[in-house]
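So the chains spell out like this:
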Amino acid sequence: MARIFITGSSDGLGLMAARLLAGDGHQVTLHARNDARAADARRLLPSAEAVVVGDLSNVAETRSVAAQVNALGSYHAVIHNVGVGYREPRRIETADGLSHIFAINVLAPYLLTALITPPERLVYLSSGLHTGGTASLDDLQWTTRRWNGTQAYADSKLLDVVLAFAVARRWPRVLSNALEPGWVATKMGGPGAPDDLSLAPVTQAWLAVSDDPAARVTGQYFYHQRRHRVHAAARRTDLQDGLLAYCAELTATALP
Ligand SMILES: NC(=O)c1ccc[n+]([C@@H]2O[C@H](COP(=O)([O-])OP(=O)(O)OC[C@H]3O[C@@H](n4cnc5c(N)ncnc54)[C@H](OP(=O)(O)O)[C@@H]3O)[C@@H](O)[C@H]2O)c1
């Protein structure tokens, strides 16, 4: 039995992965943005070991989430699932003055990775759209570019893979991988999404706990439990180091 923490697990793929893992006898800690959503999460998965609370668009609340997780003990795996989608019609600025999509999709996984006691396995949710991401660290806050929500999302999902591969390189004893779940009908995916929803939470749960040698790898990218094509830029060490340095500067917290 493993202990797993899943971000953004009051709904969607995070909750579905939590259900799969809890159904297999693992101890799952959920995460919700506020107390009301935490109560929803508890009701939706009463067997969850705990629910931690914090808005991951906010750096201070993200630090609090990490502290809550560390106070609960050590974890076998963390699934960095939280995400917001490609439908933001305008640039939304967070309380910290950051792009909302960047703050939630990239900076929160970075900061939680840096602050949570390192688990044995880390899993990062990307998207097939990452292949259209811009392989650059210029204007990550969208202050000079004209806003394009789809591009901002694709960029963030490429950076999730860059982060996963950077951590795999920096922390050789931790298995750190990324995946795409398919385009599925969650709140984010929308009701017309074409892919199989039942398969969408499987790979992240498998990467988190399976003893299958295919899951016990690091620095890889998956779709439906198979290695999958990944943007070549995700393996660029200059991009990996640049992203870590940029996030460290923004949060005043370096990856240990
Ligand atoms: N669905 C797809 O087709 C698809 C495709 C490719 C990749 N993905 C990736 O899969 C992951 C999960 O997506 P999903 O489809 O399950 O999305 P979802 O149904 O919209 O669920 C997102 C979860 O994240 C939580 N969340 C969002 N913003 C938050 C914040 N600021 N603070 C704390 N929690 C927050 C949501 O909480 P609330 O319920 O309170 O809003 C919800 O629990 C994302 O990383 C996404 O990029 C999804």
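Attention here is on the structure that accompanies the text. Since the structure is predicted, the reported quantities are computational estimates derived from the model, not experimental observations. (Residues numbered from 1 in each chain as written. Predicted model: local features only at pLDDT ≥ 70, side-chain atom pairs only at ≥ 80, totals over all residues. Heavy atoms only, no water.)

### Describing the overall build of the chain
Moving on, step 1. For the chain, the helix and strand inventory stands at seven helices and eight strands.
Moving on, step 2. Here the C-alpha atoms of the chain give a radius of gyration of 16 Å, agreeing with the 18 Å that 2.2 N^0.38 yields for 256 residues.
Moving on, step 3. Projected onto its principal axes, the C-alpha coordinates of the chain cover approximately 50 × 40 × 40 Å.
Moving on, step 4. Of all 256 residues assigned to the chain, the portion counted as buried reaches 56%. (Helix = DSSP H or I, 4+ residues; strand = E, 2+ residues; numbered from the N terminus. Rg over C-alpha atoms; globule rule 2.2 N^0.38 Å. Buried < 20%, exposed > 50% of the residue type's maximum accessible area, 1.4 Å probe, protein only.)

### Thoughts on the site of the ligand
Moving on, step 1. Taken together, the neighbourhood of the ligand is formed by 31 residues, with Leu13, Arg37, Tyr153, Thr186 and Lys187 sitting nearest.
Moving on, step 2. Arginine 37 is positioned such that a nitrogen or oxygen atom in its side chain is 2.6 Å from an oxygen atom of the ligand.
Moving on, step 3. The backbone of valine 82 places a nitrogen or oxygen atom 3.5 Å from an oxygen atom of the ligand.
Moving on, step 4. Here the ligand has 890 Å² of accessible area as a free molecule, and 94% of this is covered by the chains.
Moving on, step 5. For the shell around the ligand, the secondary structure elements donating two or more residues are helix H1 (12-23) and helix H5 (149-170). (Near = heavy atom within 4 Å. Polar contact = N/O pair within 3.5 Å; in protein donor to acceptor, adjacent residues only side chain to side chain. Areas by Shrake-Rupley, 256 points an atom, 1.4 Å probe, with all protein chains shown as cover.)

### Comments concerning the packing of aromatic side chains
Moving on, step 1. For the structure shown, the criterion picks out five aromatic pairs.
Moving on, step 2. Its guanidinium or amino end placed over the ring of tyrosine 75, arginine 3 lies 4.3 Å from that ring's centre, counting from NZ or CZ. (Phe/Tyr/Trp six-rings, centres within 6.5 Å; stacked < 30°, edge-to-face > 60°. Lys NZ or Arg CZ within 6 Å of the ring centre and 35° of its normal.)

### Here's the deal with the pairing of strand S5 (residues 121-125)
Moving on, step 1. Burial runs high along S5: five of the five residues are buried.
Moving on, step 2. Of the two faces of S5, the one carrying Arg121, Val123 and Leu125 and the one carrying Leu122 and Tyr124 are both buried.
Moving on, step 3. Relative to S5, strand S4 (residues 77-80) runs parallel, the two sharing four bridges. Counted as the bridge partner of histidine 80 is tyrosine 124 from S5.
Moving on, step 4. Crossover handedness for the path S4 to helix H4 (residues 100-115) to S5: right-handed.
Moving on, step 5. Note that S5 and strand S6 (residues 175-180) share five bridges and pair parallel. Paired with arginine 121 across the two strands is leucine 175, which belongs to S6. (Pairing = 2+ DSSP bridges. Right-handed = clockwise from strand over helix to strand, strands pointing away.)

### Structural notes on the pattern of salt bridges
Moving on, step 1. Inspection of every chain in the model, using the stated rule, returns 12 salt bridges.
Moving on, step 2. Through salt bridges with shared partners, a single ionic network connects Arg37, Asp40 and Arg43. (Salt bridge = Lys/Arg side-chain N within 4 Å of Asp/Glu carboxyl O.)

### As for the packing of helix H3 (residues 59-71) against H4
Moving on, step 1. At a closest axis distance of 9 Å, the pairing of H3 and H4 adopts a crossing angle of 40 degrees. The two elements H3 and H4 cross, and the hand of that crossing is right-handed. For the pair formed by H3 and H4, the contact residues are Val59, Thr62, Arg63, Val65, Ala66 and Asn70 on the first element and Leu107, Ala108, Leu111, Leu112 and Leu115 on the second. (Axes fitted to C-alpha atoms, helices over the stretch in contact; angles between N-to-C directions. Left-handed = near helix turned anticlockwise from the far one by under 90°. Contact = heavy atoms within 4.5 Å.)

### Overview of the packing of H1 against helix H6 (residues 202-209)
Angle between the axes and distance between the axes: these two values describe a pair of packed helices.
Moving on, step 1. Taken N-terminus to C-terminus, the directions of H1 and H6 make an angle of 50 degrees; their axes are 9 Å apart at the nearest point. With respect to each other, H1 and H6 are oriented oblique. Crossing hand, H1 versus H6: right-handed. Residues Leu13, Ala17, Leu20 and Leu21 of H1 touch H6, and the partners they reach there are Val202, Gln204, Ala205 and Val209. (Parallel < 35°, antiparallel > 145°, perpendicular 65-115°, else oblique.)

### Looking at the pairing of S6
Across a regular strand the side chains alternate sides, sitting on one face of the sheet and then on the other.
Moving on, step 1. Along S6, six of the six residues are buried, which leaves the element largely enclosed by surrounding structure.
Moving on, step 2. Handedness of the crossover joining S5 and S6 through H5: right-handed.
Moving on, step 3. Bridging between S6 and strand S7 (residues 221-223) involves three bridges; their strand directions are parallel. Of the residues in S7, the one forming a bridge with leucine 179 is phenylalanine 222.
Moving on, step 4. With respect to chirality, the unit in which S6 leads through H6 into the neighbouring parallel S7 is left-handed.

### Concerning the sheet that holds strand S1 (residues 3-6)
Moving on, step 1. The mixed open sheet is built from eight strands, whose spatial order is S3-S2-S1-S4-S5-S6-S7-S8. Strands at the two margins of the open sheet, each flanked by one partner only, are strand S3 (50-53) and strand S8 (226-227).
Moving on, step 2. Set on the sheet, H5 makes contact with S5, S6 and S7; between it and S5 the angle comes to about 165 degrees.

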